[in-house]
Amino acid sequence: MVQIKTPEQIAKMRAAGLVVAAIHQATRAAAVPGATTKDLDDVARKVLAEHDAKSNFLGYGGFPATICTSKNEVVVHGIPGEDVVLQDGDIISIDAGAIVDGWHGDAAFTAFVGSGHAPELIELSRVTEESMWAGIAAMKLGNRLVDISRAIETYIRRQPRPARGKYGIIEDYGGHGIGTEMHMDPHLLNYVERRRGRGPKLVPGFCLAIEPMVSLGTAKTEVLQDDWTVITTDGTWSSHWEHSVALTEQGPLVLTAPDGGKAKLAEYGITAAPDPLG
Ligand code: MG
């Protein structure tokens, strides 16, 4: 069952999404060489408190922190810690969420720590982010869930092979419905799997977290003994980008983007839905 939201409920999700955007801005600025991932978690917790928002990550299935910090070969669900010190040349994906008035937001980005990153790492993040936007652009009335998966996969597969390695679209994790819970139906694959069919039709009020994860090698992952940290099985580095998006009668609204997705969607010839919070 997919939870369909009213325009009033989407406005509440936009409020949660803007808190997530504020966490992104603050943690991006704090992701510098010498900082620990615990420092980033502290920054996120402070932003949540300032906005009177609650964490949807803390305590989720026993998760012990406010954000996920996934460095280098860690794909997702990395646990912030005092012992994880960011170093010049690292890449880190920061996944954050917020609950406002019972409604959830969830989004992630990949940041470069320091400078001098290899061109293929910069390109990896760009390709992953852009595949997310291709997926968001496919979130239109009349399309089906599989059209989003296809747009993400097609974008990645059309890219020139990286200087080193190849793009692995992570198989074991994907996007999801979002609303009164962080993870809801349907599950959104980042590639097309025929036996899954076309999935539900995209109608006004449909809300999804769209989140491609791409490595410079394998599509396979394993979970470390802490039961959370997901790494690539071949140790190649990976990128993760995510936005929560609502489909409305007026088009998609990127709930966790400060501008509602206006600028990026314009590149795809799509007008973002007006921001219900102005
Ligand atoms: Mg998510």
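So, here's what we can say about the structure.

Scoring rules and cut-offs
Residues numbered from 1 in each chain as written. Predicted model: local features only at pLDDT ≥ 70, side-chain atom pairs only at ≥ 80, totals over all residues. Heavy atoms only, no water. Helix = DSSP H or I, 4+ residues; strand = E, 2+ residues; numbered from the N terminus. Buried < 20%, exposed > 50% of the residue type's maximum accessible area, 1.4 Å probe, protein only. Contact = heavy atoms within 4.5 Å. Areas by Shrake-Rupley, 256 points an atom, 1.4 Å probe, with all protein chains shown as cover. Lys, Arg positive; Asp, Glu negative; His and termini not counted. Charge placed at Lys NZ, Arg CZ, Asp CG, Glu CD. 1 Å grid on protein atoms, 1.4 Å probe; cavity = no way out; pocket = protein on both sides within 12 Å on 5 of 7 lines; lining within 4 Å. Points joined across faces, edges and corners; volume = space filled by probe spheres on them. Nonpolar A, V, L, I, M, F, W, Y, C, P; charged D, E, K, R; others polar. Donors = N, O, S within 2.8 Å, 3.2 Å for Na, K, Ca; no water. Pairing = 2+ DSSP bridges. Axes fitted to C-alpha atoms, helices over the stretch in contact; angles between N-to-C directions. Core = buried A, V, L, I, M, F, W, Y, C linked by side-chain atoms within 4.5 Å. Polar contact = N/O pair within 3.5 Å; in protein donor to acceptor, adjacent residues only side chain to side chain.

When helices and strands are tallied, the protein shows five helices and 14 strands. Principal-axis analysis of the C-alpha atoms places the extent of the protein at approximately 45 × 45 × 35 Å. Considering the protein as a whole, with its 278 residues, one finds that 56% of them fall into the buried category. Long-range contacts, defined here as pairs at least 24 residues apart, represent 70% of the contacts in the protein between residues at least 6 apart. Counting only carbon and sulfur atoms, one obtains 52% of the accessible surface of the protein, whose full area is about 11,800 Å². Averaging the locations of the 26 positively and 35 negatively charged side chains of the protein gives two centres separated by 8 Å.

Empty space among the atoms can be located by rolling a probe the size of a water molecule over them. By volume, the largest pocket is sized at about 320 Å³. Lining the largest pocket are 20 residues; nearest its centre among them are His77, Asp95, His176, His183 and Glu211. Estimated volume of the second largest pocket: approximately 250 Å³. The wall of the second largest pocket is formed by 16 residues, among which His24, Arg28, His243, Thr256 and Pro258 lie closest to the centre. When contributions to the lining of the second largest pocket are tallied by element, the ones reaching two or more residues are α1 (7-30), β4 (103-112) and α3 (119-137). Looking at which element gives the most residues to the lining of the second largest pocket, the answer is α1, with five residues. Here the residues of the lining of the second largest pocket sort into nine nonpolar, four polar and three charged.

Moving on, we get to the coordination of the magnesium ion. Note on the magnesium ion: its protein donors are Asp106 (OD), His176 (NE2), Glu211 (OE) and Glu242 (OE). The metal-donor distances range over 2.2 to 2.3 Å. In primary sequence terms, the donor set of the magnesium ion follows D-x69-H-x34-E-x30-E. With Asp106 in strand β4 and Glu211 in the loop between β8 (207-210) and β9 (213-215), this residue pair connects regions lying 105 residues apart in the sequence. The class of Asp106 is buried, set by a relative accessible area of 2%. With relative accessibility at 6%, the residue Glu211 sits in the buried group.

Spatially, three strands are ordered β1-β3-β4 in an open sheet, and the strand pairing comes out antiparallel. In the strand order of this sheet, the two ends are held by β1 (67-71) and β4, each with one partner. When strand polarity is set aside, the average angle formed by the axes of neighbouring strands in this sheet is 15°. In this structure, strand β3 (residues 91-100) lies alongside β4, joined through 10 bridges in antiparallel fashion. Of the residues in β4, the one forming a bridge with Val100 is Trp103. Its contacts with the sheet place α1 against β1, β3 and β4, and it is angled at close to 25° to β4.

Here we come to the nonpolar core. Counting residues in hydrophobic clusters, the biggest one holds 58 residues, and the most contacted among them are Met139, Ile148 and Ile210. Of all the elements in the fold, those that place two or more residues in this core are α1, α2 (37-50), β3, β4, α3, α4 (145-157), β8 and β13 (243-248). Looking at this core element by element, the count peaks at eight residues for α3. Ignoring sequence-local partners within four residues, the contact set of Ile210 consists of Met132, Gly135, Ile136, Met139, Ile148, Ile152, Leu188, Trp241, Glu242, His243 and Val245. Membership of the second largest hydrophobic core comes to nine residues, among which are Ile10, Ala246, Leu255 and Ala273.

With respect to the helices and strands, Thr37 occurs in helix α2. By relative accessible area, Thr37 is classed as buried at 1%. Within the structure, the side chain of Thr37 is placed 2.9 Å from the backbone nitrogen of Gly81, a separation counted as a polar contact. In this view, Thr37 contacts Thr69, Ile79, Pro80, Gly81, Val84, Leu86 and Ile92; residues no more than four positions away in its chain are not counted.

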